[in-house]
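What the coordinates show
Chain by chain, the residues run as shown.
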Amino acid sequence: MNPKRSERTNWSIFGDDIVVFQQLSKQYIVLNSTARRIFELADGRSSTRSIVEHLRQEFDAVPDNIEAYVTQTVEGLCELGVLEC
């Protein structure tokens, strides 16, 4: 799966977090710093697996369950229409 940011979203950065507005559902979604990074890396070219590897390299202390976290986050953001999968 190569997730990408939906064109039907707008977003603004607030500190370490990002607020995403999904235009179809008219929902605001607040992403924490890790989910924000996943959102930023979802460019349609990078697979979920490559996003996991990128986060492992980017952060010094990555939890063992990062792969499950990334997968769950991507799936959740796809369900909300924030990402296209």
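Here goes a summary of the coordinates provided. (Residues numbered from 1 in each chain as written. Predicted model: local features only at pLDDT ≥ 70, side-chain atom pairs only at ≥ 80, totals over all residues. Heavy atoms only, no water.)

1. Things to note about the side chain of Thr48
How we decide: Secondary structure elements follow DSSP: runs of H or I no shorter than four residues count as helices, runs of E no shorter than two count as strands, and numbering proceeds from the N terminus. For this analysis, residues touch if any pair of their heavy atoms sits within 4.5 Å.
Looking at the secondary structure, you find Thr48 in helix 2 (residues 48–58). With residues near it in sequence (within four places) discarded, Thr48 still touches Met1, Pro3, Val70, Thr71 and Val74.

2. Structural notes on the packing of helix 2 against helix 3 (residues 66–79)
Short version of the rule: With axes taken as lines fitted to C-alpha atoms, and helix axes fitted only over the stretch in contact, angles between N-to-C directions fall between 0 and 180 degrees. Should an angle lie under 35 degrees it is considered roughly parallel, over 145 roughly antiparallel, and from 65 to 115 roughly perpendicular; all remaining angles are considered oblique. By the definition used in this description, the sense in which the near helix is turned from the far one sets the handedness, with an anticlockwise turn below a right angle giving left-handed and a clockwise turn giving right-handed. Residue type decides the class: Asp, Glu, Lys and Arg count as charged, Ala, Val, Leu, Ile, Met, Phe, Trp, Tyr, Cys and Pro as nonpolar, and the leftover types, Gly among them, as polar.
Contact geometry for helix 2 and helix 3: axes closest at 10 Å, N-to-C directions at 130°. With respect to each other, helix 2 and helix 3 are oriented oblique. Judged by the sense of rotation from one axis to the other, the crossing of helix 2 with helix 3 is right-handed. Contacts between helix 2 and helix 3 involve Thr48, Arg49, Ile51, Val52, Leu55 and Arg56 from the former and Ile66, Glu67, Val70, Thr71 and Val74 from the latter. Looking at the contact of helix 2 with helix 3 residue by residue, the class counts come to 6 nonpolar, 2 polar and 3 charged.

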